[in-house]
Every structure is written in C-alpha cells, then in structure tokens.
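One-letter residues, chain by chain:
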Amino acid sequence: MDNENSRSYSNPHWKADGSLVKDQDSSGLIKIPVRALNIIWGNDPRYWQWIKLTEENTKLLAGFEEGSMLLQVNWIEVTGKLPIISSMAALTPKAYEIFYIVKFRVDAFGWHSVPVKFKVRVNGEEKVKSVMLQLYREKQEEWQEIPGGDFAVPRDTVGTVEFGMFEIESDWWKGGMVLAGIVIKPKLVD
C-alpha cells in the first residue's frame, strides 16, 4: 500500500501540510493551496476527493494545481493558520482580506438552506461573518473568490492568524463544491 492510501485509512480528516503555503509575493499576496488546509472528512473519499486542476485552471488561479471536491457532507469545517511575520506588519496597508477560491458544479446542492460561517482569529481575537452561498452556487462551473473575512496586523506583532469556513449547526447535506485554496490579499484602507 502506498503512503497516500495508508494515510487515507489512518485518519478520515485531512491534516494541513503547512510547507505548501506560498510566501508573500512582492504585492503582499499569500497563496494557501488546499492541501495546506485542515479539512474535516477531507481524507475520506466518500466525502471529499482530490482532483488535479487543468492547466488552464492552474493559470487562471495563479498557480493552484489541485482542488478538493466536496461530494457530500453535513459538517463543513475547513481551517488553516498562518504565522504573523514581520513583512506583514511592515507593509502598508497592514490589513488583509481572506478569499476562498471555489467553484460550484452543476450538480451542487444544499447551499440554499443555512449560511456558512467564516471565522478569522488573530492572537485570540475573533471575527465571524455568515454568508449564504446560494448566490455563488448559481454561477455554476465558474471559479469565484468568496470573501472569508479580514484582519489587521499591528506593528511588531507576533503570533498567528487562524481562519476557517464552517457549517456545523444544521443536518443539511451539501455537495458539489470544489475548493482550490485560499488567497490572502493586502486590503486597501481608506
């Protein structure tokens, strides 16, 4: 049995590979591929499947080469974290926005009933927003950036930024979404 298959049987949840997080580029953009995220049930092929993105999609998505396709779950929990590094605080502005890069397949279902919560926590201080994803679902087979919150990095701060997408309160089954990763962009401040 190869290592990938043995891992899938040892734990039903995908554990993030933090080494895959791309360093900030010159514009301050940070790319987090899907394998660098924790996905509850993400290592069980009954619920999520890893897919290779086409070359065209990889170019369109600024280098994401792989996605995780949600087949069906009633408990969505996708989380990640990022260390706050000195270059984040050194940039002007020092605020960032988080975007989940997703597309909904033609057969996507269950997104009309309850909102998905997006959480961002910086050194213990948490913000939560709820979003109905049905409007995004209506744009079938189209890659979209779903805003997942924002955060500020005070000067000389160390610690972590934690973020996540959750729908754990209902028993409603959802499926047909492909997640390519997350991008964190510097936010323009007025």
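Each remark here, short or long, concerns the structure printed above.
Reading guide: rules and limits
Residues numbered from 1 in each chain as written. Predicted model: local features only at pLDDT ≥ 70, side-chain atom pairs only at ≥ 80, totals over all residues. Heavy atoms only, no water. Buried < 20%, exposed > 50% of the residue type's maximum accessible area, 1.4 Å probe, protein only. Helix = DSSP H or I, 4+ residues; strand = E, 2+ residues; numbered from the N terminus. Pairing = 2+ DSSP bridges. 1 Å grid on protein atoms, 1.4 Å probe; cavity = no way out; pocket = protein on both sides within 12 Å on 5 of 7 lines; lining within 4 Å. Points joined across faces, edges and corners; volume = space filled by probe spheres on them. Nonpolar A, V, L, I, M, F, W, Y, C, P; charged D, E, K, R; others polar. Contact = heavy atoms within 4.5 Å. Salt bridge = Lys/Arg side-chain N within 4 Å of Asp/Glu carboxyl O. Phe/Tyr/Trp six-rings, centres within 6.5 Å; stacked < 30°, edge-to-face > 60°. Lys NZ or Arg CZ within 6 Å of the ring centre and 35° of its normal.

1. Here we look at the pairing of strand S4 (residues 66-70)
And then number 1: Counting buried residues along S4, four of its five residues qualify, which places the element largely inside the surrounding structure.
And then number 2: Bridge count for S4 against strand S11 (residues 175-186) is three bridges, and the pairing is antiparallel. Across the sheet, residue Leu70 finds its bridge partner in S11, namely Met177.

2. Focus on the layout of surface pockets
And then number 1: Roughly 260 Å³ of internal volume is contained in the largest pocket.
And then number 2: At the level of elements, strand S5 (76-84), strand S7 (116-122) and strand S10 (159-167) are the ones that each hand at least two residues to the lining of the largest pocket.
And then number 3: If one sorts the elements of the lining of the largest pocket by residue count, S10 sits on top with four residues.
And then number 4: When grouped by side-chain class, the residues that make up the lining of the largest pocket number six nonpolar, five polar and five charged.

3. Let's talk about the environment of Lys119
And then number 1: For Lys119, the location among the structural elements is in strand S7.
And then number 2: Take Lys119: its relative accessible area is 26%, and that puts it in the partly exposed class.
And then number 3: Counting along the chain gives ten residues from Lys119 to Lys129, while the straight-line C-alpha distance between them is 6.6 Å.
And then number 4: In this structure Lys119 touches Glu126, Lys127, Val128, Glu162, Phe163, Gly164 and Phe166, once residues within four positions along its chain are discounted.

4. Examining the sheet that holds S5
And then number 1: With antiparallel pairing, five strands are arranged side by side in an open sheet as S2-S5-S10-S7-S8. Of all strands in the sheet, those with a lone pairing partner are strand S2 (38-39) and strand S8 (125-131), marking the two edges.
And then number 2: Pairing between S7 and S10: six bridges, direction antiparallel. Within S10, the residue paired with Lys119 across the bridge is Gly164.

5. A word on the pattern of salt bridges
And then number 1: For the structure shown, the criterion picks out twelve salt bridges.
And then number 2: Salt-bridge contacts for Glu66 lead to Arg35; the nearest nitrogen and oxygen are separated by 2.7 Å. Of this pair, Glu66 sits in strand S4 while Arg35 sits in the loop between strand S1 (30-33) and S2, placing them 31 residues apart in sequence.
And then number 3: Look at Glu66 and you get partly exposed, because its relative accessible area is 26%.
And then number 4: The exposure class of Arg35 is buried, given its relative accessible area of 14%.
And then number 5: Between Lys127 and Asp150 there is a salt bridge; the shortest N-O distance is 2.8 Å. Separated by 23 residues along the polypeptide, Lys127 in strand S8 and Asp150 in strand S9 (residues 144-152) bring together distant segments of the chain.

6. Quick notes on the packing of aromatic side chains
The geometry of an aromatic ring pair comes down to the distance between the two centres and the angle between the two planes.
And then number 1: Overall, the coordinates contain five aromatic pairs when judged by the stated rule.
And then number 2: When the centroid spacing of 5.2 Å and the interplanar angle of 75 degrees are considered together, the rings of Phe104 and Trp111 count as edge-to-face. Per residue, the accessibility class of Phe104 equals that of Trp111, and both read buried.
And then number 3: For the cation-ring pair, Lys119 lies above Phe166, with the distance from its terminal atom to the ring centre recorded as 4.8 Å.

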